[in-house]
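Below are the chains, spelled out letter by letter.
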Amino acid sequence: MRVLAQTGIITLNPEIDASKETVDDITENPKNLTFTEVSAEVLPSVLDSVGLAVINGNYAIGAGLKLDEESGL
């Protein structure tokens, strides 16, 4: 969530501890994105079903995802 807020895609409630943020703490969503919270270890397996995912580096590497400009990741 914090990555999306830092890039300006969403705005989060500044009073919420970053380690406890959920989709309910989104105060502005100008692109009207739909969010579904998924366990980090599951994210690599659902990439074909979503338009955008923010994946922790260790899970991306563990899933064998290529992290370079050509892969789009």
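This report concerns the structure included in the present document. As a convention, each chain's residues are numbered from 1 in the sequence order in which they are written. Predicted model: local features are reported for residues with pLDDT of at least 70 only, side-chain atom pairs are reported and counted for 80 or more only, and whole-chain, interface and lining totals are derived from all residues. Think of the side-chain values as coming from all heavy atoms in the structure, minus any hydrogens and water.

1. With respect to the pattern of salt bridges
Each reported salt bridge corresponds to a side-chain nitrogen of Lys or Arg within 4 Å of a carboxyl oxygen of Asp or Glu. Using the criterion set out here, one finds one salt bridge in the structure. Put simply, R2 and E21 hold a salt bridge, and the shortest N to O gap is 2.0 Å. Separated by 19 residues along the polypeptide, R2 in helix α1 (residues 2-6) and E21 in the loop between β1 (11-12) and β2 (26-28) bring together distant segments of the chain. Classification of R2 as partly exposed rests on a relative accessible area of 35%. The helix and strand labels rest on DSSP assignments: H or I over at least four residues marks a helix, E over at least two residues marks a strand, and numbering proceeds from the N terminus. The cut-offs for exposure are 20% and 50% of the maximum accessible area for each residue type, with area from a 1.4 Å probe on protein chains only; residues under the lower value are buried, those over the upper are exposed, and the others partly exposed.

2. Some details on the layout of surface pockets
Lining residues are defined by having an atom within 4 Å of a point belonging to a cavity or pocket. Those points lie on a 1 Å grid over the protein atoms alone, cavities being sets where a 1.4 Å probe fits but cannot get out and pockets being open sets with protein on both sides within 12 Å along at least five of seven lines. Grid points are joined across faces, edges and corners, and a volume is the space filled by probe spheres set on the points. The calculated volume of the largest pocket comes to roughly 630 Å³. Lining the largest pocket are 24 residues, and of these F35, T36, L52, A53 and V54 lie nearest its centre. Just so you know the grouping, Ala, Val, Leu, Ile, Met, Phe, Trp, Tyr, Cys and Pro go in nonpolar, Asp, Glu, Lys and Arg go in charged, and all remaining residues, Gly too, go in polar. When grouped by side-chain class, the residues that make up the lining of the largest pocket number 15 nonpolar, six polar and three charged.

3. Overview of the environment of R2
Separated by 19 residues in sequence, R2 and E21 have C-alpha atoms that sit 8.4 Å apart. Residues count as neighbours in contact if any of their non-hydrogen atoms are within 4.5 Å of one another. Beyond its immediate sequence surroundings of up to four residues, R2 is in contact with L12, A18 and E21.

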